[in-house]
Amino acid sequence: MPLVFPFDPNIARAATIPARLYNDPVYLELENERVFAGTWQLVGRAGDVAEHGQYFTTQVGDNAIVILRDRDTLRGFYNVCLHRAGPVATGCGKRNTLQCRYHGWTYGLDGGLLRAPEMEGTEQFRPSEMRLVPVQVAAWGPLVFANLDGKAPPLLEVLEDMPARVAAFGCDTMRYVTRKTWDIACNWKVYVDNYLEGYHLPVVHPGLHKELDYDNYRVEPHRYLSYQHAPLRPVHGGNASMRRYDPSKTDVPEALYVWLFPNMMLNIYMGQMQTNLVVPVGHDRCTVIFEWYSSEPPTDAAAESEWTKLLAFSDEIQEEDIGICEAVQRNLRSRIYDRGRYSATRENGVHHFHSLLHEFLT
Ligand code: FES
Ligand SMILES: [Fe+2]
């Protein structure tokens, strides 16, 4: 099977990407190298690296990294010691240096090797010229992003006008509230495809469908991101009590749903925002991490009815999406299915995602 695949940039003529992209582990390896290492990945929260010396560790694909604050500068490094690949940091915390857990080599917060004990007899060994391998790091609002290969355009360039569009929502000052993770038996792209269209709303989410103005639902693709506009349905007298949201009660009726290539979503509302990160854990499994932020974080989200209601509604939608995504993954293995067609009016967001995949993979 060839790794490359044909793809038509015209949605009206295009077929969807071949089933093997969802089934064959070789594509996950390719995606790790060409997609995940080459793009901005959400890796953590700015609040965890607010003070000098604060750090956290995380993983992007097979790559362990450490993000830290060195005075005014946010830095990131591969969490891999130059000696024999031990970890130079674990968990999170606050330190003035990073010390490898294996033989104790010590690095400064700028990545330079400060101490390597008992290396006296080793020739051509110049600690002053050795430093941890950096990754590109940037923050937007409360979120920290990293780019492994250092070649992605600056984060603010990739985000285009997004920060300006959401300025009124107050994301900059939002703080972390809570998180939830789901292990889902589907390829990461099945979950992303599903997020990128509202076409499945009437059948998969009857509850949510009642809230949204389906006729005016639309997706607006940009270079590396897309917006989804999902206006609330106007409330008509009699059925108001059946509704969870009342658009007349808020100044900014439209929430903003942003997808950032390849695997992150930002769902932004007035005073509240949620990030969704889709992390592949195999060619047919992914973990989806939801994190909530708020301008007025509750002391205990589990104890406040406004938050428990919000989280329960989110769970309901998520369970519906998981059910269909897992069923689709099983069917993508069917001997009779390879490629389908797009709805030219409803699936431009999915087609945009697949165009970017095609661009990065081939
Ligand atoms: S592997 Fe880090 S000091 Fe040996
Ligand atoms: Fe959905």
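**Student:** Now, about the overall build of the protein chain: what can you tell me, with residues and values included?
**Tutor:** Secondary structure assignment for the protein chain yields 9 helices and 17 strands. Here the protein chain has a C-alpha radius of gyration of 22 Å; the compact-globule value for 362 residues is 21 Å, and the two agree. Dimensions of the protein chain along its principal axes, counting C-alpha atoms only, are 80 × 55 × 30 Å. Burial status across the protein chain gives 51% buried among its 362 residues. In the protein chain, the proportion of contacts linking residues at least 24 apart, taken out of those at least 6 apart, comes to 62%. Element-wise, carbon and sulfur atoms account for 51% of the exposed surface of the protein chain, whose accessible area totals about 17,700 Å². Once the 35 positive and 45 negative side-chain charges of the protein chain are each reduced to a mean point, those two points are 2 Å apart.

**Student:** I'd like to hear about the nonpolar core, residue by residue, with values.
**Tutor:** Counting 83 residues, the largest nonpolar core has Trp140, Phe145, Met162, Trp188, Tyr191, Trp259 and Leu266 as its most contacted members. For this core, the leading source of residues is helix α8 (residues 305–332), giving 7 residues. Looking at which domains feed residues into this core, each of domain 1 (20–35 + 160–361) and domain 2 (41–151) gives three or more. For methionine 162, the residues in contact, after removing those within four places along its chain, are Trp140, Leu225, Tyr227, Val258 and Leu266. Val88, Leu98, Tyr107 and Met130 belong to the second-largest nonpolar core, a separate cluster that totals 18 residues.

**Student:** Before we move on, can you summarise the coordination of the iron ion (ligand 2) with the specific residues and values?
**Tutor:** Protein coordination at the iron ion (ligand 2): the donors are His200 (NE2), His205 (NE2), Asp321 (OD) and Asp321 (OD), at 2.0 to 2.7 Å from the metal. Taken together, the 4 donor atoms coordinating the iron ion (ligand 2) and their angles of 54 to 151° define a geometry best described as irregular. Counting gaps between the donor residues of the iron ion (ligand 2) yields the pattern H-x4-H-x115-D. Taken together, the residues histidine 200 in the loop between α5 (188–195) and α6 (201–204) and aspartate 321 in helix α8 connect sequence positions 121 residues apart. For the pair shown, histidine 200 and aspartate 321 are each scored as buried.

**Student:** I'd love a proper account of the environment of histidine 222, names of residues and values included.
**Tutor:** Within the element layout of this structure, histidine 222 appears in the loop between β12 (218–221) and β13 (225–229). It is 26 Å that separates the C-alpha atoms of histidine 222 and alanine 19, two residues lying 203 residues apart in sequence.

**Student:** For the domain arrangement of the protein chain, give the residues involved together with the corresponding values.
**Tutor:** When the domains of the protein chain are assigned, the result is domain 1 (20–35 + 160–361) and domain 2 (41–151). Computed from C-alpha coordinates alone, the two centres of domain 1 and domain 2 are separated by 32 Å. Summing both sides of the interface, domain 1 and domain 2 together bury roughly 1,100 Å²; the carbon and sulfur share of this comes to 67%. Scanning the region where domain 1 abuts domain 2 turns up 1 salt bridge. Of the charged contacts in the structure, one is a salt bridge between glutamate 291 and arginine 45, with a shortest N-O distance of 2.8 Å. When residues of the side of domain 1 that touches domain 2 are traced back to their parent elements, those giving at least two are α4 (162–165), β11 (175–184), β15 (264–269), β16 (272–282) and β17 (285–294). For the side of domain 1 that touches domain 2, the element with the most residues is β16, which contributes 3 residues. Here the residues of the side of domain 1 that touches domain 2 sort into 13 nonpolar, 3 polar and 3 charged.

**Student:** Requested: an account of the packing of aromatic side chains, with residues and values cited.
**Tutor:** Under the counting rule described, the total for this entry stands at 13 aromatic pairs. On the numbers, 5.8 Å between centres and 65° between planes, the contact of tryptophan 188 with phenylalanine 353 is edge-to-face. One end of the pair, tryptophan 188, is in helix α5; the other, phenylalanine 353, is in helix α9 (residues 348–361), with 165 residues separating them in the sequence. Here tryptophan 188 falls in the buried class, since its relative accessible area comes to 0%. Residue phenylalanine 353 is classed as buried on the basis of its relative accessible area of 0%. Site record: aromatic cluster; members linked through ring pairs are Phe36, Trp188, Tyr224, Trp259, Phe261, Phe353 and Phe360. In this arrangement the basic side chain of arginine 45 is found over the ring face of tyrosine 176, its NZ or CZ atom lying 3.5 Å from the centre.

**Student:** Before we move on, can you summarise unusual backbone geometry with the specific residues and values?
**Tutor:** For the peptide bond that leads from phenylalanine 261 to proline 262, omega is 0°, which places it in the cis range. Position of proline 262 relative to the elements: it lies in the loop between β14 (256–260) and β15. One non-glycine residue with positive phi stands out, namely glutamine 124, at about 55°. Positionally, glutamine 124 belongs in the loop between β8 (113–115) and β9 (134–140).

**Student:** Describe in detail the packing of helix α2 (residues 25–36) against α9, supporting the description with residues and values.
**Tutor:** Running from N to C, α2 and α9 point in directions that differ by 95°, and their axes come no closer than 9 Å. Here α2 lies roughly perpendicular to α9, going by the angle between them. Here α2 contributes Leu30, Glu31, Arg34 and Val35 to the contact with α9, which in turn contributes Leu357, Phe360 and Leu361. Its residues placed into classes, the contact of α2 with α9 shows 5 nonpolar, no polar and 2 charged.

Reading guide: rules and limits
Residues numbered from 1 in each chain as written. Chains lettered and ligands numbered in written order. Predicted model: local features only at pLDDT ≥ 70, side-chain atom pairs only at ≥ 80, totals over all residues. Heavy atoms only, no water. Helix = DSSP H or I, 4+ residues; strand = E, 2+ residues; numbered from the N terminus. Rg over C-alpha atoms; globule rule 2.2 N^0.38 Å. Buried < 20%, exposed > 50% of the residue type's maximum accessible area, 1.4 Å probe, protein only. Contact = heavy atoms within 4.5 Å. Areas by Shrake-Rupley, 256 points an atom, 1.4 Å probe, with all protein chains shown as cover. Lys, Arg positive; Asp, Glu negative; His and termini not counted. Charge placed at Lys NZ, Arg CZ, Asp CG, Glu CD. Core = buried A, V, L, I, M, F, W, Y, C linked by side-chain atoms within 4.5 Å. Domains from an automatic or database assignment. Donors = N, O, S within 2.8 Å, 3.2 Å for Na, K, Ca; no water. Tetrahedral: all angles 85-135°; square planar, octahedral: opposite > 155°, others 65-115°. Buried area = accessible area lost by both parts, 1.4 Å probe. Salt bridge = Lys/Arg side-chain N within 4 Å of Asp/Glu carboxyl O. Nonpolar A, V, L, I, M, F, W, Y, C, P; charged D, E, K, R; others polar. Phe/Tyr/Trp six-rings, centres within 6.5 Å; stacked < 30°, edge-to-face > 60°. Lys NZ or Arg CZ within 6 Å of the ring centre and 35° of its normal. Axes fitted to C-alpha atoms, helices over the stretch in contact; angles between N-to-C directions. Parallel < 35°, antiparallel > 145°, perpendicular 65-115°, else oblique.

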